[in-house]
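# Survey of secondary and tertiary structure
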Amino acid sequence: MSVPKVIFVLGPPGAGKGTQCQKIVQKYGYVHLSAGDLLREERAKPGSQYGELIESYIRDGKIVPVEITCSLLEKAMMAKSEMNKFLIDGFPRSENNLNGWNDSVDKKVKLLFVLYFDCPLEICTERCLARGAAGSGRSDDNIESLNKRVKTFLSETAPIIQHYKELDMVKTVDATKSEDEVFTEVTEIFDNIEA
Ligand code: UDP
Ligand code: MG
């Protein structure tokens, strides 16, 4: 079996990571693993040991301890082990996340690059508020949580993106445009790696 390939997908909350990942899945056959979705699923499991902890972290826009997130990611990768290419969306978003990943999963996979959806925070916040108003059902699509999520992005996630930039591993997409226009930029990246 070949080593699983991984692409990290990062960007501020509301940059369109999940939306674009779905399109990548359809066109290029990756498995999409959203760390946030995996945490929300774990939170929803009756009797989950971590349910309450996850809920309070998410509502406060804080980053859940990496042991929990990495074990959910690894489990999800194992469940799809016949597939060998994964989009890991919304992770790693802190130094704790990065160290946890490097200590446990990194050696078992090949990280291809980091796909970074670049978008001004005001636009991102508006999108999340609109998503909340349209019934996303997310307990963090409200202004109080969003302000905290943005702060966390700036203080904890931006340095991770910078770290990968220094390793020349970041491919940046302008995420301010329409879904289809953004995807056109995404295809330029993926057509080249597939070639
Ligand atoms: N989260 C986390 N670790 C992760 C991914 C997500 O702790 O690796 C938590 C964090 O509280 C974050 C929330 O889940 O604010 C929502 O993450 P998601 O990626 O779904 O939101 P997005 O950034 O796409 O708006
Ligand atoms: Mg998302």
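Just so it is clear, the structure is predicted and the values come from calculations on it, not from any experiment. (Residues numbered from 1 in each chain as written. Chains lettered and ligands numbered in written order. Predicted model: local features only at pLDDT ≥ 70, side-chain atom pairs only at ≥ 80, totals over all residues. Heavy atoms only, no water.)

Along its length, the protein chain carries eight helices and five strands. Listed N to C, the secondary structure of the protein chain is β-α-β-α-α-α-β-α-β-α-α-β-α in terms of helices and strands. At 16 Å, the protein chain has a C-alpha radius of gyration in line with the 16 Å of a compact globule built from 195 residues. For the protein chain, the spread of C-alpha atoms along the principal axes amounts to about 45 × 40 × 30 Å. (Helix = DSSP H or I, 4+ residues; strand = E, 2+ residues; numbered from the N terminus. Rg over C-alpha atoms; globule rule 2.2 N^0.38 Å.)

Let us now look at the UniProt feature "binding site: ATP" (unreviewed entry) in the protein chain. When the UniProt feature table is mapped onto this chain, "binding site: ATP" (unreviewed entry) is found at Gly14, Ala15, Gly16, Lys17, Gly18, Thr19, Arg131 and Lys177. Inspection of the secondary structure puts Gly14 in the loop between strand 1 (5–10) and helix 1 (17–28). The exposure class of Gly14 is buried, given its relative accessible area of 13%. When near neighbours in sequence (up to four residues on either side) are disregarded, Gly14 contacts Cys124, Arg127 and Cys128. One can find Lys177 in the loop between strand 5 (170–174) and helix 8 (179–194). Under the relative-accessibility criterion, Lys177 is labelled partly exposed at 35%. Excluding anything up to four places from it in sequence, Lys177 contacts Arg127, Val182 and Glu185. Side-chain polar atoms of Lys177 contact the side chain of Glu185, separated by 3.3 Å. (UniProt positions renumbered as here; feature names shortened; annotations may be inferred. Buried < 20%, exposed > 50% of the residue type's maximum accessible area, 1.4 Å probe, protein only. Contact = heavy atoms within 4.5 Å. Polar contact = N/O pair within 3.5 Å; in protein donor to acceptor, adjacent residues only side chain to side chain.)

Attention now moves to the pairing of strand 1. The element strand 1 is extensively covered by neighbouring structure, given that five of its six residues are classed as buried. Both strand 1 and strand 4 (residues 110–118) contribute to a ladder of six bridges, which runs parallel. In the sheet register, Ile7 faces strand 4, and the bridge partner there is Phe113. (Pairing = 2+ DSSP bridges.)

The next point concerns unusual backbone geometry. Phe91 connects to Pro92 through a cis peptide bond whose omega is -5 degrees. On the secondary structure map, Pro92 appears in the loop between strand 3 (85–89) and helix 5 (95–104). In this structure, Asp168 takes a positive phi of about 60 degrees despite not being glycine. Tracing the backbone shows Asp168 in the loop between helix 7 (143–166) and strand 5. Classification of Asp168 as exposed rests on a relative accessible area of 69%.

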